[in-house]
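Close look at the chain arrangement
Each chain, written out:
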Amino acid sequence: MKRENQVVVAFRKLLKNKLATFCFILVIIELILLIGAPLFTKFDPIEMNTIDRLRPGFWAASDPRYLPEHWLGTDELGRDIWARILYGGRISISVGFISTAVGITFGTIFGMLAGYYKKLDNIIMRIMDVFFTFPGTLLAMLIVAMLGIDVKNATIAISIWSIPSFARMIRGRVLQIKEEEYITAIRSLGATDFWILSKHVLKNALPTIIVIATMRMASSILSIATLSYLGLGVPQPTPEWGGMISSAKTYMYDAPYLIVIPGIAIVITVICFNILGDKLRDILDPSLKD
């Protein structure tokens, strides 16, 4: 009888946890809203209408300034908050996904090479240590400052920042796997290093990779929000959650919802990915527990 895939089994276990299931459903709903943004709002996120500026949302329905079509209100330039949340979330999730994918790809390659080949270990990990000497946000800021303020450059910066942590954790897992008896047996039968790495080491390191990627997704979203808040991420007027908070600082007392709404979007997204990653860690790779 064929053995069921470990990842599929882990996913089923994940959905048995009520908190993890709730977070998973929230993430799915969020992705549907963001991907289908044009279907859920009729407003252009960058179209200004100064006549309707700083209109309150549904919480102030009795206020004569409230406009039902702007159910989350408008910002200082009359732009619809709901539209900017949806389109801004698209950018945040896209940057998080792309930077995580790039980071995990190169981090896996470097981590596997360092863990499997003793001669490469010291070289690769010393290079990774150089990156670790810089605080993550500072390193990303430095890269963006050199490349220029742009979504693409911010994505590159976050990707580069992600590689060292991926490489170090995957290296540790590979060091454990390569000492297993079945790896020694396969090597004694004449299997090439490429075959062992691609068919056995990578397969057994996959749970660790999935766990790290899920948790890194949360920090990548937080990173692009941080860079945009500092003016080094997504340039205005393109909406992005961190940039929305930054541009609303002047109005934090008169219209606090301008900060609270994108802040809630960031918090919900980051917490959901962190919880999913934490539960996957417990299920897939207990060795990563603190």
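The structure this text deals with has already been given above.
An account of the accompanying structure is given in this report. No experiment lies behind these values; they were computed from the predicted model shown. (Residues numbered from 1 in each chain as written. Predicted model: local features only at pLDDT ≥ 70, side-chain atom pairs only at ≥ 80, totals over all residues. Heavy atoms only, no water.)

Counting 36 residues, the largest nonpolar core has I81, I85, Y257, L258 and F273 as the members making the most contacts within it. Of all the secondary-structure elements, those providing two or more residues to this core are helix 1 (6-15), helix 2 (18-35), helix 4 (81-116), helix 9 (193-229), helix 10 (241-247) and helix 11 (257-284). Ranked by residues supplied to this core, first place goes to helix 11 with 12 residues. Apart from residues lying up to four places away in sequence, Y257 is in contact with L54, R55, P56, W59, L72, T74, I81 and P262. (Core = buried A, V, L, I, M, F, W, Y, C linked by side-chain atoms within 4.5 Å. Buried < 20%, exposed > 50% of the residue type's maximum accessible area, 1.4 Å probe, protein only. Helix = DSSP H or I, 4+ residues; strand = E, 2+ residues; numbered from the N terminus. Contact = heavy atoms within 4.5 Å.)

For the rest of this paragraph, the subject is the pattern of salt bridges. Inspection of the entire model under this criterion finds eight salt bridges. In this structure, D121 and R171 form a salt bridge, with 2.7 Å as the shortest nitrogen-oxygen distance. In this pair, D121 sits in helix 5 (residues 118-132) while R171 sits in helix 7 (residues 151-177), placing the two residues 50 residues apart along the sequence. Since its relative accessible area comes to 15%, D121 is described here as buried. (Salt bridge = Lys/Arg side-chain N within 4 Å of Asp/Glu carboxyl O.)

Here we come to the packing of aromatic side chains. Under the counting rule described, the total for this entry stands at six aromatic pairs. Pairing W59 with Y257 gives two aromatic rings, centres 5.2 Å apart and planes at 50°, and the pair type is tilted. One end of the pair, W59, is in the loop between helix 3 (37-40) and helix 4; the other, Y257, is in helix 11, and 198 residues separate them in sequence. Counting every residue linked through ring pairs, the aromatic cluster contains F58, W59, W71, W82 and Y257. Note that R168 overlies the ring of F132, its terminal NZ or CZ placed 4.2 Å from the centroid. Its end group placed over the ring of W161, R216 keeps NZ or CZ at 5.0 Å from the ring centre. (Phe/Tyr/Trp six-rings, centres within 6.5 Å; stacked < 30°, edge-to-face > 60°. Lys NZ or Arg CZ within 6 Å of the ring centre and 35° of its normal.)

Turning next to helix 7. For helix 7, which comprises 27 residues, the first-to-last C-alpha distance of 38 Å matches the rise-based estimate of 39 Å (1.5 Å per residue) to within 8%. The largest bend in helix 7 comes to about 25°, at I163, with the proline P164 one to four residues further on. N-cap assignment for helix 7: the residue whose side-chain oxygen lies 3.0 Å from the backbone N of K152 is D150. (Expected span 1.5 Å × (residues − 1). Bend = angle between axes of the 7 residues up to and from the residue. Polar contact = N/O pair within 3.5 Å; in protein donor to acceptor, adjacent residues only side chain to side chain.)

The contact between helix 2 and helix 11 brings their axes to 9 Å, and the two run at 135°. Taken together, helix 2 and helix 11 sit at an angle that is classed as oblique. Viewed along their axes, helix 2 and helix 11 form a crossing whose handedness is left-handed. Contacts between helix 2 and helix 11 involve L19, A20, C23, F24, L26, V27 and E30 on the former and, on the latter, I268, T269, C272, F273, I275, L276 and K279. (Axes fitted to C-alpha atoms, helices over the stretch in contact; angles between N-to-C directions. Parallel < 35°, antiparallel > 145°, perpendicular 65-115°, else oblique. Left-handed = near helix turned anticlockwise from the far one by under 90°.)

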